[in-house]
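# Summary of the model geometry
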Amino acid sequence: MLRVALRPRFLGSLALMIVATIVCGLLAGWQWDRAHRALTDKADGPQQIGDIREVVGVGDAVTNEMVGDIVTADGRFAAGEQVLVPGRRIEGQDAVIVVTAFLVELEDGTEARLPVARGWSPAEDVTGEDGVLDPALAPAAPEGEVHLSGRLEASESASGGVVDGVAREIATPLLVNEWGSPMYAGYLALDEAEAPLSAAPAAESQFSRGLDWQNIGYSFQWVAFGVFFLYLWWRSVRTAYRDELDDRREEVERSLAEASSDQADGADHAAGLAPSGIAPSSRPAPQQTPDKDV
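Everything in this summary refers to the structure shown in the same document. In this text, all values refer to a predicted model and were calculated from it rather than measured experimentally.

## A look at the overall build of the protein
From N to C terminus, the protein includes five helices and eight strands. When the helices and strands of the protein are read in sequence order from the N terminus, they spell out α-α-β-α-β-β-β-β-β-β-α-β-α. Here the analysis covers contacts within the protein between residues at least 6 apart in sequence; of these, 68% occur between residues at least 24 apart. Working note: accessible area of the protein is about 18400 Å², and carbon and sulfur atoms make up 55% of it.

Right, here's the structure in full:
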């Protein structure tokens, strides 16, 4: 099989496969380094990264590198645009997070909505007499121009919807349908909450569990692609080698069959001839001279 592999055609394909494998290796290393670099940055604690308008664009994804970092925002809270997010367990009690739309003026003069987690409240404090959460019982947002500072968090996964001012998650795909657009893809969790609300704890992210498993998964995926390229080359060489073996075997079997057939025909022909080369039945019978009396 080595002779087949050393043919120019297969050497050329091997060179291409090696280049593809090297590219996959570089991409795998890049994904691995990205996961470790992000983890190292988070180990140093939240970083002050500036005004949200300079950090992330409206509608742009909040990346892992910026999740949990501190941003600022200037604007005003939108009247009547507030939801309650229940189902949280904070400090050993059932909690509800109060999320309000914050209007940020952009450079072109338009306003974009930024969901702001103003803090959390015990569920019983925002539950009506009928046992149902009542958004009207939540503290109202401050009026006028406000300067905010807090953690930038990624949107949670959306499921269900917003019903009577109650949402299951802090998910911007749900809130944009409720409040309108344009809207930032993430949300802001305030460092300090105004009484009677308490500051919401940091969102549990992938970094709190260790490495960024998405990037690690991409890294292993690129390694698998590189190995697969080499496997394809080996498989093509192996297939060509086996095809040639089959062709040689068929040729030998065909030659042996032809030789055996010729030998059989020769034997049959020789069996039908006498030693002198004349058939026995063609010899004349000997003539006898009758005895005569003299």
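## Brief notes about the nonpolar core
If you look at the biggest cluster of nonpolar residues, it comprises 21 residues, and the most contacted ones within it are Val-83, Val-85, Ile-97, Val-99, Ile-170, Leu-175 and Trp-179. Contributing elements (two or more residues each) for this core: β2 (70-90), β3 (93-105), β4 (111-122), α4 (172-179) and β8 (187-190). At five residues, the largest contribution of residues to this core is made by β3. Setting aside its immediate chain neighbours within four residues, Val-85 contacts Ala-95, Val-96, Ile-97, Val-99, Ala-167, Arg-168, Glu-169 and Ile-170. Ranked by size, the runner-up nonpolar core spans 20 residues in total, among them Met-66, Val-71, Val-104 and Val-116.

## Some thoughts on α4
Restricting attention to buried positions, one finds in α4 the residues Thr-172, Leu-174, Leu-175 and Trp-179. Here the buried residues of α4 occupy an arc of 150° about the axis, which is enough to place them on one side. Structurally, α4 contributes buried residues whose contacts are with β2, β3, β4 and β6 (162-163). Of the residues flanking the end of α4, it is Gly-180, one or two places downstream, whose phi is positive at about 105°.

## Some details on the pattern of salt bridges
Using the criterion set out here, one finds seven salt bridges in the structure. A salt bridge links Glu-156 to Arg-88; its shortest N-O distance comes to 2.8 Å. Here Glu-156 is found in the loop between β5 (146-153) and β6, whereas its partner Arg-88 is found in strand β2, with 68 residues between them in sequence. For Glu-156, a relative accessible area of 22% gives the class partly exposed. Taking the shortest distance from any N to any O, the salt bridge between Glu-153 and Arg-151 comes out at 3.1 Å.

So, how was this worked out
Residues numbered from 1 in each chain as written. Predicted model: local features only at pLDDT ≥ 70, side-chain atom pairs only at ≥ 80, totals over all residues. Heavy atoms only, no water. Helix = DSSP H or I, 4+ residues; strand = E, 2+ residues; numbered from the N terminus. Contact = heavy atoms within 4.5 Å. Areas by Shrake-Rupley, 256 points an atom, 1.4 Å probe, with all protein chains shown as cover. Core = buried A, V, L, I, M, F, W, Y, C linked by side-chain atoms within 4.5 Å. Buried < 20%, exposed > 50% of the residue type's maximum accessible area, 1.4 Å probe, protein only. Arc of directions from axis to C-beta. Salt bridge = Lys/Arg side-chain N within 4 Å of Asp/Glu carboxyl O.

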